[in-house]
Amino acid sequence: QVQLVESGGGLVQAGGPLRLSCAASGRTFSSYAMGWFRQASGKEREFVAAIGWSASTTLYADSVEGRFTISRENAKNTVYLQMNSLKPEDTAVYSCAYAAGGGVVTAKGYDYDYWGQGTLVTVSS
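The rules behind the values
- Residues numbered from 1 in each chain as written.
- Predicted model: local features only at pLDDT ≥ 70, side-chain atom pairs only at ≥ 80, totals over all residues.
- Heavy atoms only, no water.
- Helix = DSSP H or I, 4+ residues; strand = E, 2+ residues; numbered from the N terminus.
- Contact = heavy atoms within 4.5 Å.
- Disulfide = S-S within 2.5 Å.
- Buried < 20%, exposed > 50% of the residue type's maximum accessible area, 1.4 Å probe, protein only.

A. Layout of the environment of Val-79. Relative to the assigned elements, Val-79 resides in strand 8 (residues 78–83). Separated by 42 residues in sequence, Val-79 and Phe-37 place their C-alpha atoms 13 Å apart. With near-sequence residues (within four places) excluded, Val-79 lies in contact with Leu-20, Ser-21, Cys-22, Met-34, Trp-36, Ile-51, Ile-70, Ser-71 and Arg-72.

Printed below as a string of structure tokens:
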């Protein structure tokens, strides 16, 4: 089992920054990919960003490209999501996800094996 715990959510004004963290623990594999997804109230979950084990491969949703940056510290089993120039439409519960196949950087939720509980990000206008 792998446990994922997100932190860093909160209330921020439009245009401001926020950084989310996700710490993995438990029986982590030697290499794994990580992703961030979000779900706004009344909407379906959507992909935000993903990163491979080596961090050389990243993938972003068009809606966040150029504003959000995903990164990781493998020694700490932690992945980050730096969010800049936030917009009210970025308001959602953000969840991190873990894919045991470290070489697979994907936007598909079904490719991920474990999920965190999520952290709420609210962007005020």
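B. Expanded view of the state of the cysteines. Within this structure, the stated rule accounts for one disulfide. Covalently, Cys-22 is tied to Cys-96 through a disulfide, its sulfur atoms 1.9 Å apart. Here the disulfide of Cys-22 and Cys-96 is right-handed, its torsion about the S-S bond being about 55°. Of this pair, Cys-22 sits in strand 3 (residues 18–26) while Cys-96 sits in strand 9 (residues 92–99); the two residues are 74 residues apart in sequence, bridging distant segments of the chain. The burial state of Cys-22 is the same as that of Cys-96; both residues are buried.

C. The environment of Val-93, seen in detail. With respect to the helices and strands, Val-93 occurs in strand 9. A sequence separation of 52 residues divides Val-93 from Ser-41, and the C-alpha atoms of the two residues are 8.3 Å apart. Not counting residues within four places of it along the chain, the set of residues in contact with Val-93 comprises Phe-37, Arg-38, Gln-39, Gln-117, Gly-118, Thr-119 and Leu-120.

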